[in-house]
Amino acid sequence: MIICFMILIGLAALLCLSAGTCLTEEISPPKGQAAFYKAAHYLLKLNHKKNRQGVFETERLARVLLVVFLGSGLSLLLQAAMAGQSILKDGYELPRPTDGQDAYSWELQAQIGESAQTEQLEVVVNKRRYTEEEKQGLLEEAIREIDSIILGDNISADEVRGRVVLPVSVMDGDVSVQWIQEPADLLDPDGNITEELPMEGALLQLKALLDCDGRAAIYECALHLYPPLYSEEEKLRHALCSEVERADEESAAEATLRLPDELDGNRIIWEAKETDTAAICLVLTFLAAVCAWIAKNQERQKAEEQRRRQLLMDYPDLLFKLSMLLNAGLTMQNAFFKIALEYRNRETQEIRFAYEEMLTSYYEMQSGVPEARSYENFGRRCGVGSYNKLGTMLSANLQKGSQGLAKLLQEEAAFSMEERSQMTRKLGEEAGTRLVLPMILMLLVVLVILMAPAVMSF
């Protein structure tokens, strides 16, 4: 909870510091997220890094900040909403299950004595006892069930060194069980062997009183016990379990179970074990932030791949247009300008990245950038090897003259058409591969539809 406070305070301070930050025209934050975009832009400026993709970095960092802010706030609200809610009534009473429900199991912690030693304990609160009317067969099944589970992990009743299973109910809670030991107290309520046994062991006669809504039965067995070694903490835990079991038996007919308030003269303070909801939500928040970061990277990679494919698809058409305009008598610059202006005056708003870069080069030349440098910049901005080659080719032919350039462009266009055909076939194969899983799922559905009537008819 403290970590959530610190994160929220830090984010609030960051939002206040970045409130006066001005975003560039390229950054358009969604509605209600401008503060986080300003904070992200502020952090990137503090980093003193010149990044060509500042818009992307700002969007990605803003998304992460938003996720962390919302997750931390939600963690804090959940923890505050759950604070003060306790299953304990008056500090010592647990509600019993209502009619028709099974036993409840509560995770509690007990502070014992002035030293405030804390013990964590699982307390089982059984359901209230019912009236008569159950079948005798349940008791017989209960005896067989007890006989199969009582040894636990022990191999034989002649050598019992581990925990003995002493269930308080069997048959899914329909039959309650009370155990009688002779001699007494060789086993604690959990079936663990106590340390009072001699090294040569002791013979234990166990008797179980089975009750099924007023109908009774008896189960008996003999076990040869050998003592295990317990630590002081384990002894204290067993004693506490014994007190809880005794209190359960004493208040079996009451609506609540009153937990013991004293053990061996030491006062016991019970507290419900709290779930650290804020910590769980905080971990989920950071996982969500990491996912948001990764998702933004994947979006960029996907966008870059789509841009690259579109550039390669448009490359042959662009070369054919340039060569045709050169053959028509236009200079290289006029042909370049004509294609760029036709794209700017198009009726549709579809973005074609190659022509966008040509339009950028047109504006560069209009602003005074040398034609050769503008062609080279065009190839570099496209970021594809074929366009780099085209930019270099156009820049070099300014010095040599445009004679033979149209033929050279046509040959390059014919070669790139073959590459585009290969890429188209590859994309078709990838699409077919992605359809394999849906087709398999559809086949399984059809098989289930066909086979279900035949199976149900048997």
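The preceding data block contains the structure.
Structure report, in brief.

The sheet built from four strands is open, its strands ordered β3-β2-β10-β9 with antiparallel pairing. In this open sheet, the two strands that pair with only one neighbour each are β3 (117-125) and β9 (262-263). In terms of strand pairing, strand β2 (residues 104-112) meets β3 through nine bridges, oriented antiparallel. Bridge pairing links Q111 to T118 in β3.

Bringing helix α10 (residues 385-400) into the picture now. Taking 1.5 Å of rise per residue, the 16 residues of α10 would be expected to cover 22 Å, and the 23 Å separating its terminal C-alpha atoms lies within 8% of that figure. Within the sequence span of α10, burial applies to S386, Y387, L390, G391, M393, L394, S395 and N397. Here the buried face of α10 lies against α6 (277-327), α7 (332-344), α8 (353-366), α9 (371-382) and α11 (405-434).

Glancing now at the pairing of strand β5 (residues 175-182). Judged by which residues are buried, β5 turns out to be one-sided: V175, V177, W179 and Q181 face inward and are buried, whereas S176, Q178, I180 and E182, on the alternate face, are not. Note that strand β4 (residues 169-170) and β5 share two bridges and pair antiparallel. The residue bridging S169 from the neighbouring strand is S176, located in β5. Where β4 folds back on β5, the antiparallel hairpin that results is connected by four residues, among which M171 adopts a positive phi of roughly 55°. In the sheet, β5 pairs with strand β6 (residues 202-212) via seven bridges, with the strands oriented antiparallel. Across the sheet, the residue bridging to V177 is L210, located in β6.

Between its first and last C-alpha atoms α8 spans 20 Å; for 14 residues at 1.5 Å apiece the expected length is 20 Å, and the two agree. Phi turns positive, to about 110°, at G368, one or two residues after α8.

Here we come to the pattern of salt bridges. Counted under the stated rule, the structure contains 17 salt bridges. Between E159 and R161 there is a salt bridge, and its shortest N-O distance comes to 3.0 Å. We classify E159 as partly exposed; its relative accessible area is 44%. Owing to a relative accessible area of 48%, R161 belongs among the partly exposed residues under this scheme.

This paragraph deals with the packing of aromatic side chains. The relation between two aromatic rings is expressed through the spacing of the ring centres and the mutual angle of the planes. On inspection of all chains with the given rule, the structure shows nine aromatic pairs. Between W179 and Y219, the aromatic rings sit 6.4 Å apart at their centres with planes inclined by 85°, giving edge-to-face as the arrangement. Of the two residues, W179 is situated in strand β5 and Y219 in strand β7 (residues 215-225); the sequence distance between them amounts to 40 residues. Residue class for Y219 comes out buried when judged on its relative accessible area of 6%. Measuring from ring centre to ring centre gives 5.5 Å for Y362 and Y363, while their planes differ by 55°; the resulting arrangement is tilted. For Y362, a relative accessible area of 12% puts it in the buried group. Linked through ring pairs, Y315, F336, Y375, F378 and Y387 together constitute an aromatic cluster. One cation-aromatic arrangement involves R60 over W293; the distance from NZ or CZ to the ring centre is 3.7 Å. Lying over the aromatic face of Y343, R346 brings its terminal NZ or CZ to 3.9 Å of the ring centre.

Moving on, we come to the packing of α6 against α7. Across the interface, α6 lies against α7 with an axial gap of 9 Å and an inter-helix angle of 130°. Here α6 lies oblique to α7, going by the angle between them. For the element pair α6 and α7, the recorded crossing hand is right-handed. The segment α6 lies against α7, with L318, K321, L322, L325 and L326 engaging M332, A335, F336, K338 and I339.

The omega torsion across E182 and P183 is 0°, close enough to zero to call that bond cis. On the secondary structure map, P183 appears in the loop between β5 and β6. With a phi angle near 55°, D264 is a residue other than glycine that sits in the positive phi range. Here D264 falls in the exposed class, since its relative accessible area comes to 69%.

Right, let's get into the environment of E250. Here E250 is to be found in helix α5 (residues 232-250). For the pair E250 and K321, spaced 71 residues apart in sequence, the C-alpha to C-alpha distance is 97 Å.

The next point concerns the sheet that holds β5. Judged by pairing direction, the sheet is antiparallel, and its four strands sit side by side in the order β4-β5-β6-β7 without closing on themselves. Single-partner strands in this sheet number two, and they are β4 and β7. Across 11 bridges, the pairing between β6 and β7 is antiparallel. Within β7, the residue paired with A202 across the bridge is L225.

The rules behind these values
- In this numbering scheme, every chain counts its residues from 1 along its sequence in written order.
- Only residues with pLDDT of at least 70 get local features here, since the model is predicted, and only at 80 or more are side-chain atom pairs given and counted; chain-wide, interface and lining totals rely on the full set of residues.
- Side-chain measures here rest on the full set of heavy atoms in the structure, leaving out hydrogens and waters.
- Following DSSP output, two strands are said to pair if at least two bridges run between them.
- By the criteria applied, helices consist of DSSP H or I runs no shorter than four residues and strands consist of E runs no shorter than two, each listed in order from the N terminus.
- The span expected for a helix works out to 1.5 Å for each residue beyond the first.
- Only protein chains enter the area calculation, which uses a 1.4 Å probe; residues under 20% of their type maximum are buried, those over 50% are exposed, and those in between are partly exposed.
- We call two residues in contact when some of their heavy atoms are within 4.5 Å.
- The salt bridge criterion pairs a side-chain nitrogen of Lys or Arg with a carboxyl oxygen of Asp or Glu, the two atoms within 4 Å.
- Note on aromatic pairs: the rings of Phe, Tyr and Trp (six-membered ring only in Trp) are paired at centre separations within 6.5 Å, and the planes decide the class, stacked below 30 degrees, edge-to-face beyond 60, tilted for the rest.
- Criterion for a charge above a ring: Lys NZ or Arg CZ within 6 Å of the ring centre, and within 35 degrees of the ring normal.
- Working convention: axes come from line fits to C-alpha atoms, limited for helices to the stretch in contact. Angles between N-to-C directions cover 0 to 180 degrees.
- Here the angle decides the label: under 35 degrees means roughly parallel, over 145 means roughly antiparallel, 65 to 115 means roughly perpendicular, and every other value means oblique.
- Each crossing is labelled by how the near helix is turned from the far one, with a counterclockwise turn of less than a right angle marking it left-handed and a clockwise turn marking it right-handed.

Geometric descriptors of this kind do not, in isolation, establish any biological role.
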